[in-house]
Amino acid sequence: MANSITIENVHAAYGSVRVLEDVTITVNSGETVALLGTNGNGKSTLMKCVMGIVRPVSGRIVAEIDGEKHDLVGRTTEQIVDLGIALVPEGRRLFPKLTVEENLLLGASRRKARAQIKANMDFCFDAFSRLAERRNQLAGSMSGGEQQMLALARALMLSPRILLVDEPSVGLAPLLVSRTIDAIKQLKDHYQLTVLMAEQNFKQAVRIADHGYVIVHGKIAFEGRSAEELNNNDLVRKLYLGM
Amino acid sequence: MDFPFELLINAVVAGLLLGAFYAAVTAGISISFGMLDIVNIGHPAFIILGSYIAYYFNINYHIDPIVTCLILSPIFYFLGTAIYQVYYLSFEKRGQQSLRGLAFFFGVLFVTEVLLLLAFGVDYRYVATSYIGPSIHVGFVDLPLRMLVPCIGSLILFGGLQLFISHTFTGRAVLAVSQDQLALQLMAVDPIRIKRIAFGVSIAVAAMAGAFLIIIQPVEPSVGREYIGRVFAICVLGGMGSMPGTLIAALLLGVIESITATFYGPSWAPAVSFGVLLLTLAFRPSGILGR
Ligand SMILES: Nc1ncnc2c1ncn2[C@@H]1O[C@H](COP(=O)(O)OP(=O)(O)OP(=O)(O)O)[C@@H](O)[C@H]1O
Ligand SMILES: [Mg+2]
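Residues numbered from 1 in each chain as written. Chains lettered and ligands numbered in written order. Predicted model: local features only at pLDDT ≥ 70, side-chain atom pairs only at ≥ 80, totals over all residues. Heavy atoms only, no water.

**Section: the coordination of the magnesium ion (ligand 2)**
Residues and elements named next belong to chain A.
Here is step 1 of the chain: Of the protein atoms, only Ser44 (OG) and Glu90 (OE) coordinate the magnesium ion (ligand 2), at distances of 1.9 to 2.2 Å. In this pair, serine 44 sits in helix H1 (residues 43–50) while glutamate 90 sits in the loop between strand S6 (85–88) and helix H3 (100–107), placing the two residues 46 residues apart along the sequence.
Here is step 2 of the chain: Of the residues examined, serine 44 reaches a relative accessible area of 12% and is grouped as buried.
Here is step 3 of the chain: Note on glutamate 90: relative accessible area 43%, which makes it partly exposed. (Donors = N, O, S within 2.8 Å, 3.2 Å for Na, K, Ca; no water. Helix = DSSP H or I, 4+ residues; strand = E, 2+ residues; numbered from the N terminus. Buried < 20%, exposed > 50% of the residue type's maximum accessible area, 1.4 Å probe, protein only.)

Here it is in structure tokens:
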């Protein structure tokens, strides 16, 4: 069944500071879409708009979950998550003084996820064996890479249909970045997720993206229909590939 | 010299009985102060309120204080959720909880005391039940039922709370809510609802502690003040937000107070307890079982 997100003409601001201008993005069912942009261009703000953390000044955000359409603007974050949209936020935001297992169980608070706790937990421990070894360790005492794994796993415990990931590569060594990106692909395939991923690491993001958008100063500067198109775009070459 | 072995054992046992009661008195604070970051210095007022209601039904209708407070605890729960809602809307939502919130709870404490004073006067009040006089004797160890019944009640209450915190979705959310509210929202959980429930539970627990209190000792309206310092000390000593830690700290403090009172006199007990608190915090700043 179809799970997609349509963001139409969204404007957003913090007080009088305009951050997003007329942003239109479509994430079709089953796709992985990359939102590319360097620091401060509005990637996180867009994620926050989708999740109801920041309320857009104008524009529409519609999510289709299992074929049913929902207008997201005006809903609370809890309601949006409850529909089946999960965000792995910037900075991961784990519960540092809770154990790995407690963090994962909190992810399953959503009613629809409770029935699948065991299956989801088994899958997470299978996909990230590190988490299984450290299930009783406090989340705050884990390494950056392990924390990113836990943040992803916790989002999966929600049994989402749509997964938003905000800069999964931040603060990770190059080898871990590519592993994390691989993990997102693996999770996406297993759960047949629809994924919107914000990234600065162009090369890694494009590896798993079906298509992508480049955001500059809060505006969509370029839409690449395929990885190919993104790779060959002049703007992308200038911004990310140093050519 | 003849070491007073029997006296020591009796002091330890009396301390454990007292400590279990301290645990019930502290349990509510462990939730509100330890888990929710709400400095509810008014907590003892709700305990005393529970004691007086138990007293009222005991003298007029001969109802057992524990039964009264069991029936009362849902009402206290809703009272707690209402108080949290006022606190949230007036202070927390505006980020003014630290000082004004403290004043608010001081006000709650004060107003409750004055109302009880007007209603019941300054005299000490006590209840009459079959288990207040007698004792059980196990060898040379003396177990007064007046202490044993609240001790068992406290342990059951404590076990129930620990199960709620560690084995339910709501309970785990209570542990998480002071760490990151937005993260909790991203788990589809409303943090304000969680705090409201948890605060309600903390006040419901106060009603039960009130029943135990008036079984253990006669009560007058300001008796709660004796407990404010001790209760926060136990909470910090055990490790903020840890129920097992709170229980261990409460038993420890009970035993220390009892031994001190037996061998050196009751006036030394508070000084020794706070000495232990300071020493523990010097070596283990996060408390006995703090994370
Ligand atoms: N809470 C806020 N209040 C005011 N301005 C904000 C706030 N959050 C973000 N901004 C501003 O909005 C702009 C976009 O920020 P945003 O976090 O969306 O960028 P980003 O693309 O995610 O950057 P990064 O890659 O560094 O995470 C920045 O100029 C930032 O300073
Ligand atoms: Mg960002």
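So that's the structure; there's more coming.
**Structural notes on the interface of chain B and chain A**
Here is step 1 of the chain: Contact with chain B, which involves 18 residues of that partner, is made by 26 residues of chain A.
Here is step 2 of the chain: Across the interface of chain B and chain A, roughly 2,100 Å² is buried in total on both sides, 69% from carbon and sulfur atoms.
Here is step 3 of the chain: The interface formed by chain B and chain A includes one salt bridge.
Here is step 4 of the chain: The salt bridge involving Arg93(A) is made with Asp180(B); its shortest N-O contact spans 2.9 Å. (Contact = heavy atoms within 4.5 Å. Buried area = accessible area lost by both parts, 1.4 Å probe. Salt bridge = Lys/Arg side-chain N within 4 Å of Asp/Glu carboxyl O.)

**A short note on the confidence of the model for chain B**
When pLDDT drops low, the exact placement of atoms in the prediction is not to be read closely.
Here is step 1 of the chain: Summing up the model confidence of chain B, the mean pLDDT is 91 and the portion of residues at 70 or higher is 99%.
Here is step 2 of the chain: This prediction of the complex comes with two scores: 0.92 for pTM and 0.94 for ipTM. (pLDDT = per-residue confidence, 0-100.)

**A few points about the pattern of salt bridges**
Residues and elements named next belong to chain A.
Here is step 1 of the chain: Inspection of every chain in the model, using the stated rule, returns 16 salt bridges over all chains.
Here is step 2 of the chain: Notably, a salt bridge pairs glutamate 8 with arginine 60, separated by 3.6 Å at the nearest N-O pair. Of this pair, glutamate 8 sits in strand S1 (residues 4–14) while arginine 60 sits in strand S4 (residues 58–65), placing them 52 residues apart in sequence.
Here is step 3 of the chain: Note that arginine 207 is salt-bridged to aspartate 182, the shortest N-O span being 3.0 Å. On the criterion of sequence distance, the pair formed by arginine 207 in helix H9 (residues 202–208) and aspartate 182 in helix H8 (residues 174–191) is long-range, its members being 25 residues apart.
Here is step 4 of the chain: The class of aspartate 182 is partly exposed, set by a relative accessible area of 37%.

**Brief notes about the site of ligand 1**
All names here are of chain A.
Here is step 1 of the chain: In the vicinity of ligand 1, 13 residues are found, and the nearest of them are Lys43, Ser44, Thr45, Glu90 and Glu167.
Here is step 2 of the chain: Here an oxygen atom of ligand 1 and a side-chain polar atom of glutamine 200 are 3.0 Å apart.
Here is step 3 of the chain: Coverage of ligand 1 by the protein chains reaches 62% of its 630 Å² of free accessible surface.
Here is step 4 of the chain: A total of three residues in the shell around ligand 1 trace back to one element, the largest contributor, which is H1.
Here is step 5 of the chain: Of the residues in the shell around ligand 1, the class split is two nonpolar, eight polar and three charged. (Near = heavy atom within 4 Å. Polar contact = N/O pair within 3.5 Å; in protein donor to acceptor, adjacent residues only side chain to side chain. Areas by Shrake-Rupley, 256 points an atom, 1.4 Å probe, with all protein chains shown as cover. Nonpolar A, V, L, I, M, F, W, Y, C, P; charged D, E, K, R; others polar.)

**Here we look at the packing of helix H5 (residues 117–127) of chain A against H8(A)**
Residues and elements named next belong to chain A.
Here is step 1 of the chain: Packing of H5 against H8 leaves a shortest axis separation of 12 Å and a crossing angle of 150 degrees. Relative to H8, the element H5 is oriented roughly antiparallel. Handedness of the H5/H8 crossing: right-handed. For the pair H5 and H8, contact is made by Asn120, Phe123 and Ala127 and by Gln186, Leu187, His190 and Tyr191, respectively. (Axes fitted to C-alpha atoms, helices over the stretch in contact; angles between N-to-C directions. Parallel < 35°, antiparallel > 145°, perpendicular 65-115°, else oblique. Left-handed = near helix turned anticlockwise from the far one by under 90°.)

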